[in-house]
Amino acid sequence: MSVPATEIDRLRRAGGKRSGKRDLIVDVFLRQQGHLSADDLVDIIRREDQRISRATVYRTLQWMVEAGIARKVDFGEGRFRFEHSYRHPRHFHLICKTCNQSSEFLSSDIEGLIEEIAAARSFSARQSVVQIYGECENCRTGRQAPAIDGARTELLFARDALRIAIATERSGLEFYTRAAAIARDPRGRTVFQRLAGEEREHLGTLEERYAQLLARDPELEAQPTFLFFKGAANGLFAEGAARLLAEGVDDQQALLIGIRCERGSHRFFKRYGERFEDSEGKQVFLEFAEEEKQHLDLLVGEYKALLERQGRDRRRPRPTTIVQGSARRRERGI
Ligand SMILES: [Zn+2]
Ligand SMILES: [Zn+2]
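What counts as what
- Residues numbered from 1 in each chain as written.
- Chains lettered and ligands numbered in written order.
- Predicted model: local features only at pLDDT ≥ 70, side-chain atom pairs only at ≥ 80, totals over all residues.
- Heavy atoms only, no water.
- Helix = DSSP H or I, 4+ residues; strand = E, 2+ residues; numbered from the N terminus.
- Buried < 20%, exposed > 50% of the residue type's maximum accessible area, 1.4 Å probe, protein only.
- Donors = N, O, S within 2.8 Å, 3.2 Å for Na, K, Ca; no water.
- Polar contact = N/O pair within 3.5 Å; in protein donor to acceptor, adjacent residues only side chain to side chain.
- Contact = heavy atoms within 4.5 Å.
- Salt bridge = Lys/Arg side-chain N within 4 Å of Asp/Glu carboxyl O.
- Expected span 1.5 Å × (residues − 1).
- Phe/Tyr/Trp six-rings, centres within 6.5 Å; stacked < 30°, edge-to-face > 60°.
- Lys NZ or Arg CZ within 6 Å of the ring centre and 35° of its normal.
- Tetrahedral: all angles 85-135°; square planar, octahedral: opposite > 155°, others 65-115°.
- Pairing = 2+ DSSP bridges.
- Axes fitted to C-alpha atoms, helices over the stretch in contact; angles between N-to-C directions.
- Parallel < 35°, antiparallel > 145°, perpendicular 65-115°, else oblique.
- Nonpolar A, V, L, I, M, F, W, Y, C, P; charged D, E, K, R; others polar.

*Asks:* How should unusual backbone geometry be read in this particular structure?
*Replies:* Only a minority of non-glycine residues have a phi that is not negative, and only a minority of peptide bonds are not trans. Of note in the backbone geometry, N100 takes a positive phi value of approximately 65° without being a glycine. Looking at where N100 falls in the secondary structure, it is placed in the loop between β4 (92-96) and β5 (102-107). Here S122, not a glycine, exhibits a phi torsion of approximately 50°, which is positive. Its location among the elements puts S122 in the loop between α5 (108-120) and β6 (131-134). What makes S122 exposed here is its relative accessible area of 71%.

Next comes the structure, spelled out in structure tokens:
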């Protein structure tokens, strides 16, 4: 992973006075991949400059952790290891006890579960560590399976974020195409058609972005999955699209199903995206969350208009404040 020189400069200034030795240690560290122990780094540094002491390397590593350039990880070996943290999303580790190689992954489902448990126990979680110990495929089978390359983690995160966004967009397109086909209310049909059109357009943009990402690193596609997400394969709208096929779904119910899907999708991409360090994957998530928010607002407006057209609001007082409006929406389960 290459860190822009200006960014490293900024990080160095934030961390204190400039020093030639420190600069060299930082530069060497950033050229390494994976999870290094302090002694690994000492050995590598000494190959470049014999005069740098072990204590200086240790001190600089500590400083890098504080400055957000390095992250300390403990694989239960009785010593810490260090990995890049600049634009390197937080992640969990699979650690092979035979070859001591570790590989990285993320799972929104595991993170969601941890959040749920912490909330249920009124616990304010600061950091969670998930480490899976065992034997890697290479050691187990003797075959050379591709390992996650630490230098690629940022790109892998962007790749997987795009894959999830594309799957969601595809299932959204399927959903709105189906909803437009069954809609009886002409205005409702127009809205579903418009949303299907938007999904198609966004899908094209995302696929183009995905192709550009692969062009930057031809081996990216073959790397193992980094970001696991249960709903990723079929997309967040798949269940909604299936529900549209049920007997007797009317326009109003179709809008409600759409609202639930868009709301779920918006929340997932926003909450997940907000938690990451600045990176391309984070950008993908947040931009996508914004698109889903626009669809959600459109559907909620359409739902209200449909109810008004059906004259269902006549016997109820009109909402005068936003609070009442959202309370009413909650009553109807949207
Ligand atoms: Zn192994
Ligand atoms: Zn790691």
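*Asks:* For this particular structure, what's the right way to read the coordination of the zinc ion (ligand 2)?
*Replies:* Around a metal, the ideal angle is 109.5 degrees if four donors adopt a tetrahedral arrangement and 90 or 180 degrees if six donors adopt an octahedral arrangement. Donor atoms from the polypeptide that bind the zinc ion (ligand 2) are H35 (NE2), E83 (OE), H91 (NE2), H93 (NE2) and E104 (OE), placed at 1.9 to 2.1 Å. In the primary sequence, the donor residues of the zinc ion (ligand 2) line up as H-x47-E-x7-H-x1-H-x10-E. Taken as a pair, E83 in strand β3 (residues 80-84) and H93 in strand β4 lie far apart in primary sequence, 10 residues in all. When its relative accessible area of 2% is taken as the criterion, E83 is described as buried.

*Asks:* Please clarify how the side chain of R159 should be interpreted in this entry.
*Replies:* Positionally, R159 belongs in helix α7 (residues 153-182). One polar contact links the side chain of R159 to the main-chain carbonyl oxygen of L220, over a distance of 2.9 Å. Apart from the residues within four sequence positions on either side, R159 is in contact with Y210, L213, L220, E221, Q223, P224, T225 and F226.

*Asks:* Explanation requested: the pattern of salt bridges in the structure shown.
*Replies:* In the structure shown here, the tally under the stated rule is 22 salt bridges. Residue E274 is joined to K270 by a salt bridge in which the shortest nitrogen-to-oxygen separation is 2.8 Å. Linking E274 with K270, this pair stays in helix α10 (residues 251-274), spanning four residues, or about one helical turn. By relative accessible area, E274 is classed as partly exposed at 45%. Residues joined by salt bridges that share partners form a network here, namely E111, E115, R271 and R275.

*Asks:* Explain helix α11 (residues 280-309) here, please?
*Replies:* Since one α-helical turn is 3.6 residues long, residues separated by three or four positions face the same way. A rise of 1.5 Å per residue sets the reference length of α11, with its 30 residues, at 44 Å; its end C-alpha atoms lie 44 Å apart and thus fit the reference within 8%. Just beyond α11, the residue with positive phi is G311, at close to 75°.

*Asks:* Got a minute to help me understand the packing of aromatic side chains in this structure?
*Replies:* We describe a pair of aromatic rings using the distance from one ring centre to the other and the angle between the two ring planes. According to the stated counting rule, one finds 17 aromatic pairs in the structure shown. Here the aromatic cluster, defined as three or more aromatic residues joined through ring pairs, consists of F157, F226, F229, F268, F269, Y272, F276, F285 and F288. Sitting over the ring of W63, R22 keeps its end group 4.1 Å from the ring centre. For the cation-ring pair, K72 lies above F80, with the distance from its terminal atom to the ring centre recorded as 4.5 Å.

*Asks:* Please clarify how the coordination of the zinc ion (ligand 1) should be interpreted in this entry.
*Replies:* Donor atoms from the polypeptide that bind the zinc ion (ligand 1) are C96 (SG), C99 (SG), C136 (SG) and C139 (SG), placed at 2.2 to 2.3 Å. Around the zinc ion (ligand 1) sit four donor atoms, and with donor-metal-donor angles ranging over 105 to 116° the site reads as tetrahedral.

*Asks:* Please clarify how the pairing of strand β2 (residues 70-74) should be interpreted in this entry.
*Replies:* Along any regular strand the residues' side chains alternate between the sheet's two faces. Bridge count between β2 and β3: five bridges; the pairing is antiparallel. Residue D74 lies in a different strand from β3, and its bridge partner there is F80. In this antiparallel pair of consecutive strands, β2 and β3, the connection spans five residues, and G76 shows a positive phi of 70°.

*Asks:* Sorry if this is basic, but what is going on with helix α2 (residues 20-31) here?
*Replies:* Over its 12 residues, α2 extends 17 Å from the first C-alpha to the last, a length consistent with the 16 Å expected when each residue adds 1.5 Å. Among the residues of α2, those classed as buried are R22, D23, I25, V26, V28, F29 and L30.

*Asks:* When you look at the sheet that holds β3 in this model, what are you seeing that I'm missing?
*Replies:* Strand pairing in a sheet relies on backbone hydrogen bonds, with the paired strands running either antiparallel or parallel. The strand order across the open sheet built from three strands is β1-β3-β2, with neighbouring strands paired in antiparallel fashion. A single partner strand is all that each edge strand has here, and the edge strands are β1 (36-37) and β2. Of the strand pairs in this sheet, β1 and β3 are connected by two bridges, and their pairing is antiparallel. What sits directly across from L36, in β3, is F82. Along the sheet, α2 makes contact with β1, β2 and β3, crossing β3 at roughly 85°.

*Asks:* What exactly am I supposed to notice about the sheet that holds β6 here?
*Replies:* Strand order in this open sheet of four strands is β6-β4-β5-β7, and the pairing throughout is mixed. The outermost strands of the open sheet, each flanked by one partner alone, are β6 and β7 (227-228). Relative to β6, β4 runs parallel, the two being bridged by four bridges. Within β6, the position partnered with L94 by the bridge is I132.

*Asks:* What is the right way to look at the environment of L206 in this model?
*Replies:* Relative to the helices and strands, L206 is located in helix α8 (residues 186-216). Assessed through its relative accessible area of 10%, L206 is described here as buried. With residues up to four places along the chain from it excluded, the contact list for L206 reads L162, A165, I166, E169 and F288.

*Asks:* Quick question: what am I supposed to make of the packing of α7 against α10 here?
*Replies:* When two helices pack together, their arrangement is given by the angle between the helix axes and the distance between those axes. Interaxial distance between α7 and α10 falls to 11 Å at its minimum, and their mutual angle equals 170°. Comparing the axis directions of α7 and α10 gives the class roughly antiparallel. Contacts from I164, A165, T168, F175, Y176 and I182 of α7 reach α10 at D251, A254, I257, G258, E262, S265, F268 and F269. Residues belonging to the contact of α7 with α10 are distributed by class as follows: nine nonpolar, three polar and two charged.

Interpretation in functional terms is not warranted from these geometric data alone.
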